[in-house]
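Chain by chain, the residues:
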Amino acid sequence: MATIGHYYIKSCISAAIFKGVDTKALMMMAGIAPSAIKNKQRITDHCMGLLLNSLIQHTQDAFFGFSKTPVTPKFYQMLLKSVALSKNVEQAIETLQTALSLAGCQLEMTRDDEKISLTLTHQHDDPAHFLQEYLMVFVHRLLCWLANKTIALNGASVAYEPEDYQTEFALLFRCETLTNQAQNAIFFDAQILDWPVLQEPDNIYRIIDQFPLIVLRFPESDNALDQRVYRLIKRYFNTHNNLPDANYIADALSMSSATLRRQLGELETSFSQLKTEFRQEQAMRLLRHPQNTIEAIATQLDYSEARAFSRVFKQWTELTPSQYRQLFLP
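The model shown is predicted, which means the values in this text are computed figures rather than measured ones.

Asker: Give a detailed account of the pattern of salt bridges, specifying residues and quantitative values.
Answerer: Scanning the model with the defined rule gives 3 salt bridges in all. Taking the shortest distance from any N to any O, the salt bridge between glutamate 305 and arginine 307 comes out at 3.5 Å.

Below, the structure written as structure tokens:
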């Protein structure tokens, strides 16, 4: 499963802190321990998605509090609904240009021989470049989703030097990225402009529900083994109300348990880690509903007793399940 480094946690909440938002509470509500930044921990993309959505709601700004004039929280939903009606990638870019201009951003497209460059600039306060990188990645991931295949980038450039997060930065575009350049841009083949938009407008509601995971996950990651295993765990849980073992997952994937273990290891994860991530996601979801007792949740998630579940939950969030539940009470 995709994970996010501590640098991006720190940078995404920086504007909200300046505006007086209780970001510590938002982090805990998203299942992120307040010590995660200090301890340089990585968090799951699911938790990061929850945090970003909370920042949008609490700052009343689609740009997480970085906007000079707040952008309506409905901005992405409106943009997605508009761009899904495009016939091809070029038309989608034109729609993006119009929508982003209304939010204080400029997306410029230029053609150089058979290459296309998309340059993105904005007028907002963004000293750590979080919003800049987020929007550039958003444009790329959205175009990939619309075309239903990965747009391989020939390169990317930024007009600054990333500090303290070079390794994390390299994962944004998965291509050669030059720093201290004249523009913040991504580059790809011109023929991609003619690629048809293959997503049906009805699918837009699925992507809205998953937003902003469209930005946090690299195209094609849904087909990776760890994502397939995670989906099988979720499907089994929804059907049986408890969790499968590794042998069941291996059989479902038509491979041996040893092969499953080896291939997940090559992705720097394991069945146990994926199950733990799923347990955390489900625990937070179930605790938001008062009718679910802590004892029942512990049983559903295959803990021997409520105390064992409470102990593990506190390791995740630095809160007991009861304290976490209190965060969501009116």
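Asker: So what's going on with the sheet that holds strand β4 (residues 115–122)? Residues and values would help.
Answerer: Reading across the sheet, the 5 strands line up as β3-β4-β7-β5-β6 and stay open at both edges, with mixed pairing between neighbours. At either end of the open sheet lies a strand with only one pairing partner, and these are β3 (105–112) and β6 (177–178). As paired elements, strand β5 (residues 155–157) and β6 share 2 bridges and run parallel to each other. If you follow serine 157 over to β6, its bridge partner there is leucine 178. Running at roughly 150° to β3, helix α6 (residues 89–101) makes contact with β3, β4 and β7 (185–189) of the sheet.

Asker: Give a detailed account of the nonpolar core, specifying residues and quantitative values.
Answerer: Counting 113 residues, the largest nonpolar core has Leu51 and Tyr76 as the members making the most contacts within it. Considering every element that reaches this core, the biggest residue donor is helix α7 (residues 130–147), with 14 residues. Here tyrosine 76 is in contact with Ile56, Ala62, Phe63, Phe64, Tyr134, Leu135, Phe138 and Phe211, once residues within four sequence places are set aside.

Asker: Which residues make up the environment of lysine 68, and what values go with them?
Answerer: By the element assignment, lysine 68 lies in the loop between α4 (45–59) and α5 (75–83). Sequence separation between lysine 68 and histidine 124 is 56 residues; the distance between their C-alpha atoms is 5.4 Å. Lysine 68 has contacts with Gln123, His124 and Asp125, leaving out every residue within four places of it along the chain. One polar contact links the side chain of lysine 68 to the main-chain carbonyl oxygen of glutamine 123, over a distance of 3.3 Å.

Asker: How would you summarise helix α11 (residues 225–240) if you had to cite specific residues and measurements?
Answerer: An ideal rise of 1.5 Å per residue puts 22 Å on 16 residues; α11 measures up with 22 Å between its terminal C-alpha atoms. Regarding α11, the residues found buried are Leu225, Asp226, Gln227, Val229, Tyr230, Leu232, Ile233, Tyr236 and Phe237. Against α12 (246–252), α13 (257–266), α14 (271–287) and α15 (294–300) lie the buried residues of α11. Of the residues flanking the end of α11, it is asparagine 241, one or two places downstream, whose phi is positive at about 65°.

Cut-offs and rules
- Residues numbered from 1 in each chain as written.
- Predicted model: local features only at pLDDT ≥ 70, side-chain atom pairs only at ≥ 80, totals over all residues.
- Heavy atoms only, no water.
- Salt bridge = Lys/Arg side-chain N within 4 Å of Asp/Glu carboxyl O.
- Pairing = 2+ DSSP bridges.
- Helix = DSSP H or I, 4+ residues; strand = E, 2+ residues; numbered from the N terminus.
- Contact = heavy atoms within 4.5 Å.
- Axes fitted to C-alpha atoms, helices over the stretch in contact; angles between N-to-C directions.
- Core = buried A, V, L, I, M, F, W, Y, C linked by side-chain atoms within 4.5 Å.
- Buried < 20%, exposed > 50% of the residue type's maximum accessible area, 1.4 Å probe, protein only.
- Polar contact = N/O pair within 3.5 Å; in protein donor to acceptor, adjacent residues only side chain to side chain.
- Expected span 1.5 Å × (residues − 1).

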